[in-house]
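Listed below, chain by chain, are the residues.
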Amino acid sequence: DHNFVMNFETRAATTADLIQNMQLYTFYRNNGGANDQTFHRKVLNMVRTESQITAQVETGHWYMAMVSPPQGVSIIEPVAGATMDKLPMYKWVPEYDDTEKRHKNAPEIFLVNTDIPEIKENTPATKNATLGRNIARVKLVLEKVTSNFILASDNHELILSEVPSTISYTGALLPERD
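Residues numbered from 1 in each chain as written. Predicted model: local features only at pLDDT ≥ 70, side-chain atom pairs only at ≥ 80, totals over all residues. Heavy atoms only, no water.

Q: What exactly am I supposed to notice about the pairing of strand β6 (residues 62–68) here?
A: Successive residues of a regular strand alternate their side chains across the two faces of the sheet. Across the seven residues of β6, seven count as buried, placing the element largely inside the fold. Here β6 shows a buried face lined by W62, M64, M66 and S68 and a second buried face lined by Y63, A65 and V67. With six bridges joining them, strand β2 (residues 23–28) and β6 adopt antiparallel strand pairing. The partner of Y25 across the bridge, within β6, is A65. (Buried < 20%, exposed > 50% of the residue type's maximum accessible area, 1.4 Å probe, protein only. Helix = DSSP H or I, 4+ residues; strand = E, 2+ residues; numbered from the N terminus. Pairing = 2+ DSSP bridges.)

See below:
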């Protein structure tokens, strides 16, 4: 019997499509205690409709990460003992598209992080959530160029190194940079 209901909405995509790929993960919530925000378990056996998911969630206080990657995109499953902000959820590896003559874009992954109402035995709990895109963008600022560099030209090869390409379960870029 399911004791938790999550209602979703989004302005960015079709909610029903996102729900079909949705994965739910619970993390401990004990307000700064030793295991606060560490991974607990993946929620299985969910029932999905066009705008909500119902599931059986263990009694207790939890943070929940709800992740919806596009079809065919794999996320990195969380591991026990690590906190949400340090757990890599997705790592983008650039792929070159020979047909388009450019690198493929990183996929749009939708993520919601929230604390959910306390789950009590024999008492249903409900939470509303808005699905948001989790997108990282790199802004390139050229401070100094050589005399033969013509900005209007599209024939430049730029190599970026040490650019964060991994997203955590909180939506932050990893590794962290100042």
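This is not the end of the story, as more comes after the structure.
Q: What am I meant to see in the pattern of salt bridges here?
A: Applying the stated criterion to the full structure yields four salt bridges. The residue K42 makes a salt bridge to E77 at a minimum N-O spacing of 3.4 Å. On the criterion of sequence distance, the pair formed by K42 in strand β3 (residues 39–43) and E77 in the loop between β6 and β7 (88–91) is long-range, its members being 35 residues apart. Taking relative accessible area as the criterion, E77 reaches 40% and is therefore assigned partly exposed. For the salt bridge of K86 with D85, the shortest nitrogen-to-oxygen distance reads 3.9 Å. (Salt bridge = Lys/Arg side-chain N within 4 Å of Asp/Glu carboxyl O.)

Q: What should I look at first to understand the packing of aromatic side chains in this one?
A: What characterises a pair of aromatic rings is the spacing of the ring centres plus the angle enclosed by the ring planes. On inspection of all chains with the given rule, the structure shows five aromatic pairs. Through a chain of ring-to-ring contacts, three or more aromatic side chains come together here, namely Y25, F27, F39 and Y169. (Phe/Tyr/Trp six-rings, centres within 6.5 Å; stacked < 30°, edge-to-face > 60°.)

Q: Hey, could you run me through the sheet that holds strand β11 (residues 125–130) in this one?
A: Paired through their backbone hydrogen bonds, the strands of a sheet run either parallel or antiparallel. The sheet built from four strands is open, its strands ordered β4-β5-β1-β11 with mixed pairing. Looking at which strands have only one partner, the edges of the open sheet turn out to be β4 (47–48) and β11. Sheet analysis places β4 next to strand β5 (residues 52–55), joined by two bridges and oriented antiparallel. By the bridge assignment for β5, R48 is matched with I53.

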